[in-house]
Amino acid sequence: MSTQEGRIRQKQGTVTENDLRIDTDRSEQIIDALNTDLANAYVLYHQLKKHHWDAEGAEFRDLHLFLEEAYETVEHGADEIAERAQALGGVPVAGPTTQAERATVSFEGEDVYDLRLSLANDLEMYGDIIESLRDHIELADNLGDYATGELLRDILVEVEEDAHHIEHYLEDDTLVLEEATH
């Protein structure tokens, strides 16, 4: 796809003044953090979507539906993050290559793993994202951008809730009889 220089309104990685009265220096730091959160969200989204497709076994239906809700929740949060980055004068990372480069979490790969390992991989990624969100909430608050801090807090609540659900799926207690799994 070709673009013409004259048609670009704003280059990726640049920050313009915003109407939120947050100066460009502070906005740059916050947008950088938001773009990391956005990239991480899309890596998680794709991994959850993969596991939604790959789910099998006695608990297929419940897990299939949970994973669908989880990736939809992640996508909604990503949209909120991208819109906030734009409102602050930034350009949200939108392409898969840039998102993969910016993300601090890694997609597990294309192979299909057993369900327990897949969920453990998801839980590990959730944990990394939770830590990153907490750091970025603190950054936003310290820079006086309380609205971004609040937005990230709302997303954090959802992310923590889904991580907690995955913890429950990984528990040893089950209604499935052992002979049904062999």
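Note that the structure is a prediction, hence the values are computed from the model and not measured.

Student: It is not clear to me how the environment of Thr-36 should be interpreted in this structure. Could you clarify?
Tutor: Structurally, Thr-36 can be placed in helix α1 (residues 24-54). Separated by 93 residues in sequence, Thr-36 and Ile-129 have C-alpha atoms that sit 9.7 Å apart. Those residues in contact with Thr-36 that sit more than four places away from it in its chain are Arg-102, Thr-104, Ser-132 and His-136.

Student: Help me understand the pattern of salt bridges, please; the structure alone is not making it clear to me.
Tutor: Side chains carrying opposite charge are able to pair once their charged atoms draw close together. Tallied over the full model, the rule gives six salt bridges. For Asp-32, the salt bridge is made with Arg-102, and the minimal N-O distance between the two is 2.8 Å. Of the two residues, Asp-32 is situated in helix α1 and Arg-102 in helix α3 (residues 96-102); the sequence distance between them amounts to 70 residues. The exposure class assigned to Asp-32 is partly exposed, which follows from its relative accessible area of 43%. Asp-141 is the salt-bridge partner of Arg-153, the closest N and O atoms lying 2.3 Å from each other.

Student: Hey, could you run me through the packing of aromatic side chains in this one?
Tutor: How two aromatic rings sit relative to each other is set out by the distance from centre to centre and by the angle between their planes. What the rule picks out here adds up to three aromatic pairs. Aromatic pair Tyr-45 and Tyr-71: ring centres 5.5 Å apart, planes at 85°, arrangement edge-to-face. A residue pair is termed long-range when its members are at least 10 positions apart, and Tyr-45 in helix α1 and Tyr-71 in helix α2 (residues 60-87) qualify at 26 residues. No difference in accessibility class separates Tyr-45 from Tyr-71, as the two residues are buried.

Student: Just to check I follow, could you spell out the packing of helix α4 (residues 115-142) against helix α5 (residues 146-169) for this structure?
Tutor: Relative orientation and spacing of two packed helices are given, respectively, by the angle between their axes and the distance between those axes. Where α4 contacts α5, the axes come no closer than 9 Å and their chain directions differ by 160°. Between α4 and α5, the interaxial angle falls into the category roughly antiparallel. Crossing of α4 against α5: the hand is left-handed. For the contact of α4 with α5, the class distribution of residues is 16 nonpolar, three polar and eight charged.

Calculation notes
- Residues numbered from 1 in each chain as written.
- Predicted model: local features only at pLDDT ≥ 70, side-chain atom pairs only at ≥ 80, totals over all residues.
- Heavy atoms only, no water.
- Helix = DSSP H or I, 4+ residues; strand = E, 2+ residues; numbered from the N terminus.
- Contact = heavy atoms within 4.5 Å.
- Salt bridge = Lys/Arg side-chain N within 4 Å of Asp/Glu carboxyl O.
- Buried < 20%, exposed > 50% of the residue type's maximum accessible area, 1.4 Å probe, protein only.
- Phe/Tyr/Trp six-rings, centres within 6.5 Å; stacked < 30°, edge-to-face > 60°.
- Axes fitted to C-alpha atoms, helices over the stretch in contact; angles between N-to-C directions.
- Parallel < 35°, antiparallel > 145°, perpendicular 65-115°, else oblique.
- Left-handed = near helix turned anticlockwise from the far one by under 90°.
- Nonpolar A, V, L, I, M, F, W, Y, C, P; charged D, E, K, R; others polar.

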